[in-house]
Amino acid sequence: MALTNFPNGVSSFGVPVLGGTTGKIFFVHATTGSDGNKGTSPSKPLATINAAVEKCTANQGDIIYLMPGHVEDLDDTTTTGAIDLDVAGISLIGLGSGSLQPRIDFNHADSDFFVGADNVTIENVRFHADVTDVKIGINIKDGVDYCTIRKCLFDVETTGTDEFLYAIQFNDAS
């Protein structure tokens, strides 16, 4: 992905970042990335969202960009099969549209995608049910506040009876 230059020295990686960030920026792409990379360049992205989350610092405005065409599989309910956005103040932003919109594939009914911290933003990510009766698409944990989800798509595999029972679940014990 080439660096795009704007007048007066402002630049971005193909997407204008208005207002910028005080935090770090990480890139993720399952096919071209490796969790051994630093992930700070689109030419050397990380392979998984969890690897990027682990590099984030709470409340610094860190941004994780899912590169066009990124697909991440959630196969089971073990720690390795779950995603947890558990660092406060981070943003997970998908780059691309249509067939290139970044996608999370739920390949098990109990697959887990959690939001476990305050002030998390998720934008332009496709959540794809690839089995029958996926229980929850995005599970916002108890006590989490100010989660923003925008421009996300929840869809299903059209060749079967796949579905999300709940696209988004809020857990608030109070």
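Preceding this paragraph is the structure being described.
Here the structure is a predicted model, which is why all the values come from computation and not from measurement.

### A closer look at the state of the cysteines
Part 1: Tallied over the full model, the rule gives zero disulfides.
Part 2: The closest cysteine sulfur to the non-disulfide-bonded Cys 147 is located on Cys 152, 9.3 Å from its own sulfur.
Part 3: Residue Cys 152 is classed as partly exposed on the basis of its relative accessible area, which comes to 21%.

### Quick look at the sheet that holds strand S14 (residues 153-156)
Part 1: An order of S5-S8-S11-S14 is seen for the four strands of this open sheet, with the pairing classed as parallel. Each having just a single partner strand, strand S5 (71-74) and S14 make up the two edges of the open sheet. Each adjacent strand pair in this sheet contributes to an overall mean axis angle of 20 degrees, direction not counted.
Part 2: Across four bridges, strand S11 (residues 126-129) lies against S14 in parallel orientation. The residue of S14 that forms the bridge with Phe 127 is Phe 154.

### Focus on the pairing of strand S3 (residues 25-28)
Part 1: As judged from the four bridges shared by S3 and strand S4 (residues 63-66), these two strands associate in the parallel manner. Pairing of Ile 25 across the sheet is with Ile 63, part of S4.
Part 2: A crossover connection joins S3 to the parallel S4 through helix H1 (residues 49-55); in handedness this β-α-β unit is right-handed.

### Quick look at the pattern of salt bridges
If charged atoms from side chains of opposite charge come close, those side chains can pair.
Part 1: On inspection of all chains with the given rule, the structure shows five salt bridges.
Part 2: In this structure, Asp 105 engages Arg 103 in a salt bridge whose closest nitrogen and oxygen atoms are separated by 2.5 Å.
Part 3: Residue classification places Asp 105 among the buried residues on the basis of a relative accessible area of 5%.
Part 4: Linking Glu 123 and Arg 150 is a salt bridge whose minimum nitrogen-to-oxygen distance equals 2.8 Å. With Glu 123 in strand S10 (residues 121-123) and Arg 150 in strand S13 (residues 148-150), the pair connects residues that are 27 residues apart, well separated along the chain.
Part 5: Glu 123 gets classed as buried once you look at its relative accessible area, which sits at 17%.
Part 6: Arg 150 gets classed as partly exposed once you look at its relative accessible area, which sits at 40%.

### Quick look at the nonpolar core
Part 1: Core analysis: the largest hydrophobic core is formed by 33 residues, its most contacted members being Ile 64, Leu 85, Ile 104, Phe 113, Ile 122 and Phe 127.
Part 2: Of all the secondary-structure elements, those providing two or more residues to this core are S3, H1, S4, strand S6 (82-85), strand S8 (103-106), strand S9 (112-115), S11 and strand S12 (134-140).
Part 3: If we skip the residues at most four places from it in the chain, Ile 104 touches Ile 49, Glu 72, Leu 74, Ile 83, Phe 113, Val 125, Arg 126, Phe 127 and His 128.
Part 4: By size, the runner-up hydrophobic cluster in this structure holds six residues, among which are Phe 27, Ile 63, Met 67 and Leu 95.

### Some remarks on unusual backbone geometry
Part 1: Its identity as a non-glycine residue notwithstanding, Asn 124 has a phi of 55 degrees, on the positive side.
Part 2: The residue Asn 124 is located in the loop between S10 and S11 in this model.
Part 3: Using a relative accessible area of 18% as the deciding quantity, one classes Asn 124 as buried.
Part 4: Phi at Lys 151 takes a positive value of approximately 55 degrees, unusual for a residue other than glycine.
Part 5: Its place among the elements puts Lys 151 in the loop between S13 and S14.

### Here we look at the side chain of Asp 62
Part 1: Relative to the assigned elements, Asp 62 resides in the loop between H1 and S4.
Part 2: Comment: no salt bridge for buried Asp 62; closest opposite-charge side chain is Lys 24, at 4.1 Å.
Part 3: Sequence-distant contacts of Asp 62, defined by excluding residues within four places in its chain, comprise Thr 21, Gly 23, Lys 24, Phe 26, Lys 55, Cys 56, Thr 57, Gly 89, Ile 90 and Ser 91.

About the cut-offs
Residues numbered from 1 in each chain as written. Predicted model: local features only at pLDDT ≥ 70, side-chain atom pairs only at ≥ 80, totals over all residues. Heavy atoms only, no water. Disulfide = S-S within 2.5 Å. Buried < 20%, exposed > 50% of the residue type's maximum accessible area, 1.4 Å probe, protein only. Pairing = 2+ DSSP bridges. Helix = DSSP H or I, 4+ residues; strand = E, 2+ residues; numbered from the N terminus. Axes fitted to C-alpha atoms, helices over the stretch in contact; angles between N-to-C directions. Right-handed = clockwise from strand over helix to strand, strands pointing away. Salt bridge = Lys/Arg side-chain N within 4 Å of Asp/Glu carboxyl O. Core = buried A, V, L, I, M, F, W, Y, C linked by side-chain atoms within 4.5 Å. Contact = heavy atoms within 4.5 Å. Lys, Arg positive; Asp, Glu negative; His and termini not counted.

Just geometry here; none of it tells us what the structure is for.
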